[in-house]
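Listed here are the chains, written in short residue letters.
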Amino acid sequence: LRGFLSSLLADAEMLGAPDPELAATMGFSGFGKKARTFDLEAMFEQTRRTAVERSRKVLGKKRECSQLMHLKTCFVFPTWGGV
């Protein structure tokens, strides 16, 4: 197995740099680039803040709608003569 791997490495070294077109075709074009780093805590905090903000908006609209419905039921105006 070691001989097989060392012969593969020797063959790869003789070929030189990989062909960019072949690498893109094979889906390897992203290899060798620096990996992106993410601040997961900041992402979670931003997601939490967005969720809180959206919840407040929804609750505000529900409260507003509830108040309007309450006003409609509290102030029932009589109709005279079918008007």
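Everything here concerns the structure above.
Residues numbered from 1 in each chain as written. Predicted model: local features only at pLDDT ≥ 70, side-chain atom pairs only at ≥ 80, totals over all residues. Heavy atoms only, no water.

Colleague: Can you tell me about the overall build of the protein chain, naming the residues and giving the values?
Modeller: Tallying secondary structure elements over the protein chain gives three helices and zero strands in all. Element order for the protein chain, N to C, with α for helix and β for strand: α-α-α. For the protein chain, the proportion of its 83 residues judged to be buried stands at 1%. Working note: accessible area of the protein chain is about 8600 Å², and carbon and sulfur atoms make up 64% of it. (Helix = DSSP H or I, 4+ residues; strand = E, 2+ residues; numbered from the N terminus. Buried < 20%, exposed > 50% of the residue type's maximum accessible area, 1.4 Å probe, protein only. Areas by Shrake-Rupley, 256 points an atom, 1.4 Å probe, with all protein chains shown as cover.)

Colleague: Give me the lowdown on a nonpolar patch on the surface, citing residues and values where you can.
Modeller: A grouping of Phe 38, Leu 40, Met 43 and Phe 44 is seen on the molecular surface, where their side chains present a nonpolar patch of about 470 Å² in accessible area. Within the secondary structure layout, Leu 40 lies in helix H3 (residues 40-74). (Patch = residues over 30% accessible without salt bridge, like charges linked within 9 Å, V, L, I, M, F, W, Y side chains within 5 Å. Salt bridge = Lys/Arg side-chain N within 4 Å of Asp/Glu carboxyl O.)

Colleague: Lay out the pattern of salt bridges in plain terms, naming residues and giving numbers.
Modeller: Evaluation of the coordinates by the stated rule reveals three salt bridges. With its nearest N and O atoms 3.7 Å apart, the salt bridge here joins Glu 53 to Lys 57. Here Glu 53 pairs with Lys 57, and both are found in helix H3, just four residues apart, close to one helical turn. Within the structure, one salt-bridge network assembled from shared partners comprises Glu 45, Arg 48 and Arg 49.

Don't take any of this as a statement about function, it's just geometry.
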